[in-house]
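# Structural features, examined
The lines below spell out each chain.
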Amino acid sequence: MVLRFCRKGRYAACAKATIAEAQGLTLSRSRDAHRRAARCIRAGFWRRVDLVASRWAVGESGLKTLAGIGLFGAALVGLAPAAAQVVPLPPVIPGQVASTTAPTGVTSDPYRVFGDDAPVFAGLGVLGGLGFRISGSLITEYSDNIARVSGDDDVGGRYTSKDDWIFRPTVAVNMSRDLGRQTVFLSGSIGRQYFARNTMLNSNNLNVGGGASLSLGNRCGGNLKAGYSNRGTQLGTFEEVIPSEQERVSLGASATCRTPGGLSGSLSYGYSNATNHTHDPLNEVDRSFANVNSNHFGANIGYAVGARGQVGLQGSWSKNRYPNQLLPTGGSNRNEIVSGSVFAAYRVGSSLSASGSVGKSEVRTNVPGSSAFSGTTWNVSMNYSGPRIGAGISTGRSVSGGAGGSANYSIGTFFNTSVNYRLNDRMSVAGGIATSNSDYRGLEQLPETEAVRSSKSRRYFVGADYSMSKIFSFSLDLNHQKRSSDPSGYSYDENSILLGIRARF
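Residues numbered from 1 in each chain as written. Predicted model: local features only at pLDDT ≥ 70, side-chain atom pairs only at ≥ 80, totals over all residues. Heavy atoms only, no water.

## With respect to the nonpolar core
By size, the foremost hydrophobic cluster in this structure holds nine residues: Ile146, Ala147, Val149, Val155, Tyr159, Ile166, Phe195, Leu201 and Val241. When neighbours within four sequence positions are excluded, Ile166 is seen to be in contact with Ile139, Thr140, Glu141, Ser143, Ile146, Tyr194 and Phe195. Counting six residues, the second-largest nonpolar core is a separate cluster that includes Phe373, Val399, Tyr409 and Ile411. (Core = buried A, V, L, I, M, F, W, Y, C linked by side-chain atoms within 4.5 Å. Buried < 20%, exposed > 50% of the residue type's maximum accessible area, 1.4 Å probe, protein only. Contact = heavy atoms within 4.5 Å.)

What follows is the structure in structure tokens.
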């Protein structure tokens, strides 16, 4: 009906219907609404429609949530519930929190909030709209504790200095293209980390992702996605900072359908394989023991409550296998994470959203004598994004596995909040806190897998951004991180300053 209006020249009706449909709950129709809005714009009517429809356009495909309706994401596109989401550790970043963003305005940069432990593919989202974009950046960082050692402890023979300067040049490319009602996309970045003093920590950073967003009839949508990364090991993955790299391959698919009555359902599948490459100058540590391949299945069913809310049920099953952790009883170490929960979400206008879930998760392991886990998991999040202020807050309890680090899985509570304020068209400031309390579970017979039994991590940041032009921008960040571990020998404090220069074409 909307498309017929456009063809007949009834552009005002087209614009109104486009806004209404862009605020709908399906993947395929939100994309179609964006295209129809573009037709209205080319005709010279209702220029505001382009802004509204773009806000509800798809921000990133695959197993990610819709950028504009992130509060509905878990129910609509099969995103794994927080209780079993596979994410870097620490901090514990549940799926619904890590990938959910406010619909419009000022939003937070995951790397700024979580530092080196931000999701690997956080910077590779394909923006709504079609075409080609290239960007480059140079991040200069000073850290007073690059080795993450406790107090005045000696850095040992692996390091030249406890503090260091790090330089990270990066070039990134995003491309997407419509093929009829389908969209294909490709994004990637390549860069390198240079350490001024501890040069043995130098490493390449490569990320590539691609896939397709599919329209399956009038009420169904689907996603296919693949990704590859090879980068220096994230500093929170293991207890000690040792020269190493982690290579990760990921595949994903999801499908979502809804009925005219507001009932929706989705299925998703994800696969990932993490391989660790160690370059220990003392030849004492080999981190291939933490290699892991993971399979994840998710399903949910939701029901729309009016035009702004949704309630439903979701469940997931994940299996993580560690091929190099051999058991005396034969075979290799593996665990399964099973979870189920009820969820609810509500949106107030285009700026405020809230969501939450509560359920139960179980961890099953084949290690003789190893303690399993069964308990309540939950999360609550709220996001606001206005013309000048953007804010987010999230808290919960989750179970995570498959990170390819020293913990086979972890159980933790988290609290994260951040605020951005746009001073004017050129300058904005930000601040926030990311915290986690985690219990780590591993295999006692293997090195490092239970070196730390539990930890409390606190990270605080303040930052500012300045746009010199549409192409060039600068950023400055001050960070403090404190980790309290059991045993205490793995506790540390770290302060850092980051200066960033970015160019977008």
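## Focus: the environment of Asn276
Within the secondary structure layout, Asn276 lies in strand β7 (residues 263–278). Residue Asn276 is classed as buried on the basis of its relative accessible area, which comes to 5%. The sequence separation of Asn276 and Arg248 amounts to 28 residues, and the corresponding C-alpha distance is 8.8 Å. At 3.1 Å, the side chain of Asn276 and the side chain of Gln246 are in polar contact. (Helix = DSSP H or I, 4+ residues; strand = E, 2+ residues; numbered from the N terminus. Polar contact = N/O pair within 3.5 Å; in protein donor to acceptor, adjacent residues only side chain to side chain.)

## Things to note about the environment of Ser385
By the secondary structure assignment, Ser385 is in strand β12 (residues 373–385). Using a relative accessible area of 0% as the deciding quantity, one classes Ser385 as buried. Spatially, the C-alpha atom of Ser385 lies 8.2 Å from that of Ser350, the residues being 35 residues apart in sequence.

## Overview of the side chain of Ser266
Mapped onto the elements, Ser266 comes out in strand β7. Among the polar contacts made by the side chain of Ser266, one reaches the side chain of Asn300 at a distance of 2.6 Å.

## What about the packing of aromatic side chains?
Following the criterion strictly, the structure yields three aromatic pairs and no others. With a centroid separation of 5.1 Å and 50 degrees between ring planes, the pair formed by Tyr142 and Trp165 is classed as tilted. Within this pair, whereas Tyr142 is found in strand β1 (residues 131–143), its partner Trp165 is found in strand β2 (residues 164–179), the two being separated by 23 residues in sequence. When its relative accessible area of 24% is taken as the criterion, Tyr142 is described as partly exposed. Looking at Trp165, the relative accessible area reads 38%, which means it is partly exposed. (Phe/Tyr/Trp six-rings, centres within 6.5 Å; stacked < 30°, edge-to-face > 60°.)

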